[in-house]
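Secondary and tertiary structure notes
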Amino acid sequence: MSILVNKDSRVIFQGFTGQHATFHAQEAIRMGTNVVGGVTPGKGGETHIDRPVFDTVKDAVAETGADVSVVFVPPPFSADAIMEAIEAGIKVIVVITDGVPVQDMVRVKRYLIGHDAIIIGPNTAGVITPEECKVGIMPAHIYPKGRIGLVSRSGTLNYEAVEQMSELGLGISTSISIGGDPVNGCDFLTLMKQFADDPETDAVLMIGEIGGSQEVDAATWAKAHMDKPLIGFIAGATAPPGRTMGHAGAIISGESDTAQAKMRRLDELGVSVVQNAAEIGQTVLQSVNGRSNERDEAANPSCVSSV
Amino acid sequence: MNIHEYQTKELFRNYGMPVPEGRMAHSANKAVSVAEQVGGDGWVVKAQIHAGGRGKAGGVQLARSLDEVQQHAEKLIGSRLVTKQTGEAGRMVNRVLVEQMQQIDKEYYLGLVIDRASQRITLIASASGGMDIEEVAAATPEQVINEVVDPAVGLQDFQCRKVAAAIGLSGKQIMKAARIMKQLYRCFRDKDALMVEINPLVTTQDGQFLALDGKMSFDGNALFRQPEIADLRDFDEEDPKEVEASGHDLNYIALDGGVGCIVNGAGLAMATMDAISLYGGRPANFLDVGGGASPEKIANAFRIVLEDPNVKVLLLNIYAGINRCDWIAEGIVKAMADQTIGVPIVVRLAGTNLEAGRKILSESGLDYIHADRLSDAAEKAVRAVNGEVV
């Protein structure tokens, strides 16, 4: 199962013939992703890395049955490219581009209403379901297949967490970086709901940052509706207030935006909160083991009494 | 990107909003001539810096005569103003805004933000003007009115009237205030703003509205299509090192600890700073080298971080995704060949082409402290800062 993408996903790249899109399309293909073509307006009819190029997303969908798009289109044209993908019926749109104007994303999200699509990003490392589909710029080889669902804002902190987990034998069902922008296509909550329903995901790791309330919103929902361990980390405990920490959305505008306040709220909501980023893997392992012990005890209560 | 109050008011004027008569002056003499030109029998001399809290810090002075205008301007221009938002060092005042003094009846708050909860532009208004709106919202949330704008149709007149009535306006004042809200919205939308604040929006004793103060910030990612706004950037208001770093496409923020940091990715950079703090140290800076860090970029990052005299150890933490460890290693070798480095360097590399990167470093004969993991790297850096041999 996994979420968002799998081996049956039919992937196109928008801005296909550009340098970065070309490199990452090749990497995706190398991992076994079903890349069916790409879009570069004006180059329709050509072939690029053995895949057909289309002028419009509509053509690409009609010819290839594409349902996932990876957007590498530069910031001035990103919003247009995303709306083109939405209109053409693409279901998962992953926007790698960094630097999309915020008000463009406000309009894109308005346009999204009434369409059955999910936007990941902008400014994201993308989505990967190990051994099945990679739609992003992450190094695929570090992602072992497994049963932990991972959702983060950051890309590199996501890699860090994956490495720590894989050293302890924990793999990933699907990993998503939602990106660091203040108005982004998809929030933690939307993905939490998908992970909650995914039979191949046993636990969810959420890696957030200072600024906004998305992590708390997702944890609030999870407390009421999700019967899987949720582990959380918030980066930026040492960030000064009022400064944008690299990600446009990573800014402390008030007390509730701080890492300390967010971690406190997550803790109150029953999340296993990681205080030190170096202990993410360990905390996930303890959380998963703790839960399976509980299950064993619940399934076999006589065991408990006889000990 | 932030701009000055006088620049904000110029934008307001262009959108038809009522602002007090006044202009910016670079010198005390110019301040007096501005006062003469705008006329009246009283003036306000306001220090122009990109930080709030000016009033309480003495940055806003009332003058009853042209002599007083001269005195206040002389005192402010060239001084460092310390407000609750500037930090101890304060900000250099290079110019003042001279305006006609107003007879104020009531003060209101009016602002627009991109609200992260609704992910839309939201109008904020309050009858408690002249105060910090976050404090008002915390103490008396019912005093703060929020109205979300549907991006498909923009801010509507009825929404403005509703908000005007909710902050206690009546009669013709409702239409007047609604007009200002619409003008403010258009300005915000057209110029790709992230935040605009009129605090206070006042009514004068003759019943007119005036934007007595104005604050505005803009989306740095939209400056490519806002050349007039980009021209308003005042580099004097920014840390020169941060400006230099951004020129090299590096994201740098100076802090006050002893562990200099070079990291790729904003999230990992913050987490690295946090880890340093958990092991008992303090980060000297935030620095994100971003994706695709070339050897030149790494070398520039070294130079910028090491220019800070507080830096006692340098911690490099790179998790290469699109980056490659061999490129990073080449950058380190180049940086260490190009400049004398008087502090210990802790290097933690991980990810793509790790073995090739390690090989380059070990064969270079460079003197550095190797770390395998984040915990290891942070701990070694803190020990090195404390003078321990690691």
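Look a little higher up for the structure.
All values reported here derive from a predicted model rather than from experimental measurement. For every chain, the first residue of the written sequence is number 1, and numbering continues from 1 onward in sequence order. As a convention, the first chain written is A and the first ligand written is 1, with the rest following in written order. Given that this is a predicted model, residues contribute local features only at a pLDDT of at least 70 and side-chain atom pairs are listed and counted only at 80 or more, while totals for whole chains, interfaces and linings are drawn from all residues. Excluding hydrogens and water, the side-chain figures rest on all heavy atoms present in the structure.

A few words now on the pattern of salt bridges. All names here are of chain B. The salt bridge definition used is simple: a Lys or Arg side-chain nitrogen within 4 Å of an Asp or Glu carboxyl oxygen. Under the counting rule described, the total for this entry stands at 37 salt bridges over all chains. Asp-234 is the salt-bridge partner of Arg-95, the closest N and O atoms lying 3.0 Å from each other. With Arg-95 in the loop between β5 (91–92) and β6 (96–100) and Asp-234 in the loop between α7 (227–230) and α8 (240–247), this pair connects stretches of sequence that are 139 residues apart. Exposure categories follow from relative accessible area, calculated using a 1.4 Å probe and restricted to protein chains: below 20% of the type maximum is buried, above 50% is exposed, and the middle band is partly exposed. Judged by its relative accessible area of 11%, Arg-95 falls in the buried class. Accessibility expressed as a relative area gives 7% for Asp-234, which makes it buried. To qualify as a helix, a DSSP run of H or I must reach at least 4 residues; to qualify as a strand, a run of E must reach at least 2; elements of each kind are numbered from the N terminus.

Right, let's get into the sheet that holds strand β13 (residues 230–235) of chain A. Remark on secondary structure: sheet strands pair via backbone hydrogen bonds, oriented parallel or antiparallel. Spatial ordering of the open sheet is given by β9-β8-β11-β10-β12-β13-β14 (chain A), a layout of seven strands whose pairing is mixed. Each edge of the open sheet carries a strand with a single partner, namely β9 (133–136) and β14 (272–273) of chain A. Any two strands between which DSSP finds at least two bridges are classified as paired. Bridge analysis of strand β8 (residues 126–129) of chain A against β9 of chain A gives four bridges, and the strand direction is antiparallel. Bridging across to β9 of chain A, Val-127 of chain A finds its partner in Val-135 of chain A. Across the face of the sheet, helix α8 (residues 259–268) of chain A comes into contact with β12 (203–209), β13 and β14 of chain A while running at roughly 170 degrees to β13 of chain A. Strand contacts of helix α9 (residues 266–278) of chain B: β12 and β13 of chain A, with the helix running at about 85 degrees to β13 of chain A, the strand carrying the most contacts. Residue contacts are defined here by distance: any two heavy atoms, one from each residue, within 4.5 Å place the two residues in contact. What counts as an axis is a line fitted to C-alpha atoms, over the stretch in contact for a helix, and the angles between N-to-C directions run from 0 to 180 degrees.

All names here are of chain A. Cavity means a closed set of points on a 1 Å grid over the protein atoms alone, one where a 1.4 Å probe fits but cannot get out, pocket means an open set with protein on both sides within 12 Å along at least 5 of 7 lines, and lining means a residue has an atom within 4 Å of a point. Grid points are joined across faces, edges and corners, and a volume is the space filled by probe spheres set on the points. In this structure, the second largest pocket encloses a volume near 290 Å³. Along the wall of the second largest pocket there are 16 residues; nearest its centre are Glu-27, Arg-30, Pro-139, Ala-140 and His-141. With four residues, the top contributor of residues to the lining of the second largest pocket is helix α1 (residues 19–30). Asp, Glu, Lys and Arg are counted as charged, while Ala, Val, Leu, Ile, Met, Phe, Trp, Tyr, Cys and Pro are counted as nonpolar; the rest, among them Gly, fall into the polar class. In the lining of the second largest pocket, the residues fall into seven nonpolar, five polar and four charged.

Take the nonpolar core next. Counting 108 residues, the largest nonpolar core has Leu-4, Phe-13 and Leu-205 of chain A as the members making the most contacts within it. When residues of this core are assigned to their parent elements, the largest contribution, eight residues, is made by α9 of chain B. Contacts of Leu-205 of chain A, omitting those with residues within four sequence positions, involve Ile-148, Gly-149, Leu-150, Val-151, Ala-161, Met-165, Ile-231, Ile-280 and Val-284 of chain A. For our purposes a nonpolar core is just a set of buried Ala, Val, Leu, Ile, Met, Phe, Trp, Tyr and Cys residues, chained together by side-chain atoms within 4.5 Å. Of all hydrophobic cores here, the second largest spans 66 residues; its members include Phe-54 of chain A together with Leu-110, Ile-145 and Cys-187 of chain B.

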